[in-house]
Amino acid sequence: MAELLTAAEMRAVERDAIASGIVTGLELMERAGAGVVDAIFEEWPDLAQGSHKAVVLCGPGNNGGDGFVVARLLQQRGWTVTAHLMGEADRLPPDARTNHDLWIGMGPCLPLSDGSLGSVKSLPDLVVDALFGTGLARPVEGDAEFLLGNLDTLRRDFGVRSVAVDIPSGICSDSGKALGCFPKVDLTVSFHSEKLGHRLEQADTHSRRVVVKDIGLHHFDPEDERHDHVWCVEPPAADLLDKPVSGQKYTQGHALVLTGGAGRTGAARLAAMAALRVGAGLVTLGVPQSAMSEVANQITALMMIKVPDAETLGELLWDTRLNALCLGPGLGLTDLPRSLIATVLPLRRPVVLDADALSMFHKTPAELFDMLHEKAVLTPHRGEFARLFPDLDQKLKQEPQKGPAYSKVDAVRAAARRAGCTVLLKGADTVMAAPDGRCSIHSAQYDRAAPWLATAGSGDVLSGMITGLMARGLAPLTACETASWLHTQCALMFGPGLIAEDIASQIPAVLRDRGIRTPSAG
Ligand SMILES: NC(=O)C1=CN([C@@H]2O[C@H](COP(=O)(O)OP(=O)(O)OC[C@H]3O[C@@H](n4cnc5c(N)ncnc54)[C@H](OP(=O)(O)O)[C@@H]3O)[C@@H](O)[C@H]2O)[C@@H](O)CC1
Ligand SMILES: [K+]
């Protein structure tokens, strides 16, 4: 998995590298600027030929310093470049000041103003946004706000291309939240690793693409440093999902998914099918009397068993081969589901709680938290999260007045700690955290945007996938990471027109794509 860094972590990596003597700050800035120029030509090969016109907006910190390097390197390629500086040159930090002074010998540096992007008659081919990077400390105002607001219009209406250095200015790199304004650029070029802000919130609405350029710094090792850092979920390794050739069905676990009453069993059936498709050996639906014939008419590979009350469920669970459970999809909000949950949780067996199993505790979340354990997973959407963790949701909702802003990572980590189990908060930026602080983000953004996944029953399928993977023996956080990736990948594979029933049906194709083959296929 790839690390996602906060501004403080990035500064620490830089500081350690400089202190060890392997590199200077000035060298890092040069590499950063050169990385931006390389990325520009990779993105737009036509700009690598001939002479073009660029405007570089430089801020008062080192992000501005990177901008002066870009200005110099483009000018050296024969471009016509104008730099615009926000603030006073003599207040720039040392490395940025050095690059400013180098630029002054080469081309114009004007004060930033509302006219910095030129007039309709003299527009540049490219705008470089180097106003603020990881040091954004408060909302952007004045001329900077005006200019950033215009970038998207220039792109749409006049074909002017825009590139942000490190992160679009105005976006908090720790939280992805906008501080004061909301630019939209074609390309963001970041350094060393992506920052959390490239993946959180509506990240792909302020940049159409993000590329990361290596500047020769040390990367964290996921095996050693999982607790402190946040990781971006990547495609699961084939051996995580493959089945042993000689295995029989019980070696892949037996999941139990509880349904609601008559007329409300669809959600649990979706979850159960997903659990089976991700490879659980057996999946049984636990069904109340009123829904027995409805469920019997709808299933083939799934099994069912009557669960009229909590006592029956308790007896059933003496069978420890039932090794992962799913409660919530369509379960209802009456006393029966509450007693079913109270029967399941003390057994400390892997369990996913979703939907109604979360909503029913909205007045008494502490009652739920008291029963939870480290093998449990909560999979709330934002509304369910707000009901269980109203104070954290409130903090998350507040419009930030300073950076770094409170982030979804902060909120989900706090929720997992409080609940004592893994919490997965759904979204295009799905954030999941274990109670010990391990945390990852699955991003269905940029080229993995899956808008058709926002469809009724989609969350039930995700819960089922997590349950099935836990039945196969995956640890809760790993199951969440793997299921999040599979869920989105199925949607991408199916494409437009997707409904919840289609998601799990794509699993075989996705598994084949991951290199999981039948032995005879080699
Ligand atoms: N770390 C690394 O390894 C590397 C880092 N590199 C580059 O450095 C960048 C980080 O540089 P940075 O720390 O100087 O912060 P940066 O984003 O330039 O802004 C700070 C300045 O902006 C000001 N300011 C803030 N908000 C404001 C507002 N709303 N309105 C007005 N002013 C505001 C703030 O003022 P202050 O808060 O101090 O009053 C301060 O003057 C990073 O993104 C990357 O591009 C690369 O060279 C490669 C290696
Ligand atoms: K920027």
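Residues numbered from 1 in each chain as written. Chains lettered and ligands numbered in written order. Predicted model: local features only at pLDDT ≥ 70, side-chain atom pairs only at ≥ 80, totals over all residues. Heavy atoms only, no water.

Caption draft 1: The overall build of the chain, seen in detail. A tally of regular secondary structure across the chain gives 19 helices and 19 strands. At 26 Å, the chain has a C-alpha radius of gyration in line with the 24 Å of a compact globule built from 522 residues. Projected onto its principal axes, the C-alpha positions of the chain cover 85 × 55 × 50 Å. When each of the 522 residues of the chain is scored for burial, the buried share is 56%. Across the chain, contacts joining residues at least 24 apart in sequence account for 73% of those joining residues at least 6 apart. (Helix = DSSP H or I, 4+ residues; strand = E, 2+ residues; numbered from the N terminus. Rg over C-alpha atoms; globule rule 2.2 N^0.38 Å. Buried < 20%, exposed > 50% of the residue type's maximum accessible area, 1.4 Å probe, protein only. Contact = heavy atoms within 4.5 Å.)

Caption draft 2: Looking closely at the coordination of the potassium ion (ligand 2). Binding of the potassium ion (ligand 2) to the protein goes through N63 (OD1), D129 (O), F132 (O), V165 (O), I167 (O) and S169 (OG), at separations of 2.6 to 3.1 Å. Coordination at the potassium ion (ligand 2) is irregular: its six donor atoms span angles of 67 to 173° at the metal. For the potassium ion (ligand 2), all donor residues lie on one chain, and their spacing in sequence is N-x65-D-x2-F-x32-V-x1-I-x1-S. A relative accessible area of 0% means that V165 is categorised as buried. On the accessibility criterion, I167 (0% relative accessible area) is buried. (Donors = N, O, S within 2.8 Å, 3.2 Å for Na, K, Ca; no water. Tetrahedral: all angles 85-135°; square planar, octahedral: opposite > 155°, others 65-115°.)

Caption draft 3: Main features of the packing of aromatic side chains. Inspection of every chain in the model, using the stated rule, returns three aromatic pairs. Geometrically, the ring pair formed by F385 and F389 is tilted, given 5.0 Å between the ring centres and 40° between the ring planes. One exposure class covers both F385 and F389, and it is buried. Site record: aromatic cluster; members linked through ring pairs are F369, F385 and F389. For the cation-ring pair, R338 lies above F361, with the distance from its terminal atom to the ring centre recorded as 4.8 Å. (Phe/Tyr/Trp six-rings, centres within 6.5 Å; stacked < 30°, edge-to-face > 60°. Lys NZ or Arg CZ within 6 Å of the ring centre and 35° of its normal.)

Caption draft 4: Region of interest: the sheet that holds strand β5 (residues 126-130). Spatially, seven strands are ordered β4-β3-β2-β5-β6-β7-β9 in an open sheet, and the strand pairing comes out parallel. Both outer strands of the open sheet, β4 (109-111) and β9 (210-213), are each paired with one neighbouring strand and no more. Strand after strand, the sheet turns through a mean of 25° between neighbouring axes, direction not considered. Bridge count for strand β2 (residues 53-58) against strand β3 (residues 80-85) is six bridges, and the pairing is parallel. Looking at the pairing, K53 lines up with T80 of β3. Here helix α2 (residues 25-43) sits on the sheet in contact with β5, β6 (161-165), β7 (187-191) and β9, set at roughly 145° to β7. (Pairing = 2+ DSSP bridges. Axes fitted to C-alpha atoms, helices over the stretch in contact; angles between N-to-C directions.)

Caption draft 5: Spatial organisation of the UniProt feature "binding site: K(+)" (unreviewed entry) in the chain. UniProt's entry tags N63, D129 and S169 with the feature "binding site: K(+)" (unreviewed entry), counted in the numbering of this structure. The largest pairwise C-alpha distance within this set of annotated residues, which runs over 107 residues, is 9.5 Å, so the set is compact in three dimensions. Mapped onto the elements, D129 comes out in strand β5. Apart from residues no more than four positions distant in its own chain, D129 is found in contact with L57, N63, L148, L151, V163, A164, V165, I167, P168 and S169. Along the polypeptide, S169 turns up in the loop between β6 and β7. Once you skip the residues sitting within four places of it in the chain, S169 turns out to touch D129, L131, F132, L148 and P183. (UniProt positions renumbered as here; feature names shortened; annotations may be inferred.)

Caption draft 6: Seen up close, the domain arrangement of the chain. In terms of domain boundaries, the chain breaks down into domain 1 (2-223) and domain 2 (238-521). Taking the mean C-alpha position of each, domain 1 and domain 2 sit 40 Å from one another. The contact between domain 1 and domain 2 buries some 1,600 Å² in all, and 57% of this surface belongs to carbon and sulfur atoms. Seen at the junction of domain 1 and domain 2, the total is eight residue pairs in polar contact (both at pLDDT 80 or more). Residue composition of the side of domain 1 that touches domain 2, by class: 11 nonpolar, four polar and eight charged. (Domains from an automatic or database assignment. Buried area = accessible area lost by both parts, 1.4 Å probe. Polar contact = N/O pair within 3.5 Å; in protein donor to acceptor, adjacent residues only side chain to side chain. Nonpolar A, V, L, I, M, F, W, Y, C, P; charged D, E, K, R; others polar.)

Caption draft 7: Just the state of the cysteines, in detail. The tally for this structure, following the rule as stated, stands at zero disulfides. Just so you know, C181 is unpaired, no disulfide at all, and the nearest cysteine sulfur is the one on C172, 13 Å from it. Here C232 stays unpaired: no disulfide links it, and the sulfur of C439, its closest cysteine neighbor, is 11 Å away. Residue C232 is classed as buried on the basis of its relative accessible area, which comes to 10%. (Disulfide = S-S within 2.5 Å.)

Caption draft 8: Quick look at the site of ligand 1. Residues in close proximity to ligand 1 total 22 residues, the closest being N63, D66, G133, R138 and D166. Between ligand 1 and N62, the relevant distance is 2.9 Å, taken from an oxygen atom to a main-chain nitrogen or oxygen of the residue. Between a nitrogen atom of ligand 1 and a main-chain N or O atom of A137, the distance comes to 3.0 Å. When isolated, ligand 1 has an accessible area of 940 Å², and the protein chains bury 79% of it. Mapped onto the shell around ligand 1, the elements with two or more residues apiece are α1 (7-19), α2 and α3 (62-76). Of the residues forming the shell around ligand 1, the biggest block, three residues, is contributed by α3. Looking at the shell around ligand 1, its residues break down into 12 nonpolar, six polar and four charged. (Near = heavy atom within 4 Å. Areas by Shrake-Rupley, 256 points an atom, 1.4 Å probe, with all protein chains shown as cover.)

Caption draft 9: Seen up close, the UniProt feature "binding site: AMP" (unreviewed entry) in the chain. Summarizing the sequence annotation, UniProt attributes the feature "binding site: AMP" (unreviewed entry) to K426, G427, A428, D429, T430 and G459 in the numbering used throughout. Spanning 34 residues, the named residues form one tight spatial group whose C-alpha atoms are at most 14.0 Å apart. Of the polar contacts made by the side chain of D429, one reaches the backbone nitrogen of E201; its length is 2.7 Å. Excluding anything up to four places from it in sequence, G459 contacts D354 and K426.

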